[in-house]
Amino acid sequence: MKRTLITLILSSSLFAAAGACCAADNVDYPDGYRSWTHIKTMTLHKGHPLENPFLGIHHVYGNELAVQGTKSGQFDDGAVLVFDLLEYETQDNASTEGDRVLVGVMLKDSDKYSSTGGWGFEGFAGNSRTERLVNDGGQSCFACHASQKDNDYVFTHWRE
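Residues numbered from 1 in each chain as written. Predicted model: local features only at pLDDT ≥ 70, side-chain atom pairs only at ≥ 80, totals over all residues. Heavy atoms only, no water.

**Digging into helix 3 (residues 64-72)**
Where helix 3 is concerned, the buried positions are A66, V67, G69 and T70. For helix 3, the angular spread of the buried residues around the axis is 160°, confining them to a single face. In helix 3, the exposed positions that point more than 90 degrees away from the buried face belong to E64, K71 and S72. Where the residues of helix 3 are buried, they touch strand 1 (37-44), strand 2 (56-62) and strand 3 (80-91). (Buried < 20%, exposed > 50% of the residue type's maximum accessible area, 1.4 Å probe, protein only. Helix = DSSP H or I, 4+ residues; strand = E, 2+ residues; numbered from the N terminus. Arc of directions from axis to C-beta. Contact = heavy atoms within 4.5 Å.)

Following this line, the structure appears as structure tokens:
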């Protein structure tokens, strides 16, 4: 029931604001992304403006082109960023990973995704590699990412 509720919330609300793609231009599930470079982790707690639906632990991974882009602020076509969102459990003053909520993907292809800043957006529910969460061609994701135009529409930065 909890998983169904989360999926419904994600499907109807923010993947109006987080990550997707239209049927003709789907972004594929990024097999093997956990072996890519881990770029950053953050946790959104209750009370954060994006708590619904992004409450949890956020791990961001990138392929080699994405790592170069996070360092320079400009991403070449073929760069892929993955946002792995997990529930968190807190006990004894420590937080640990819980169940996966979603896998969000950004794929840089300047021609194919010209209407969304050169980025294709997609989200996959929980551990599914096929259940897509957004169906608006990434427009709602891009609306949020537009605030990061000076960093090629990417929130993540490289930390030395």
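**Points about the sheet that holds strand 3**
Whether parallel or antiparallel, the strands of a sheet pair through hydrogen bonds between backbone atoms. The strand order 1-2-3-4-5 describes an open sheet built from five strands, whose pairing is antiparallel. The open sheet has two edge strands, strand 1 and strand 5 (119-125), and neither has a second partner. This sheet shows a mean twist of 25° between the axes of neighbouring strands, independent of strand direction. When strand 1 meets strand 2, the two strands line up antiparallel, connected through seven bridges. In the strand pairing of strand 2, H38 is matched with Y61. (Pairing = 2+ DSSP bridges. Axes fitted to C-alpha atoms, helices over the stretch in contact; angles between N-to-C directions.)

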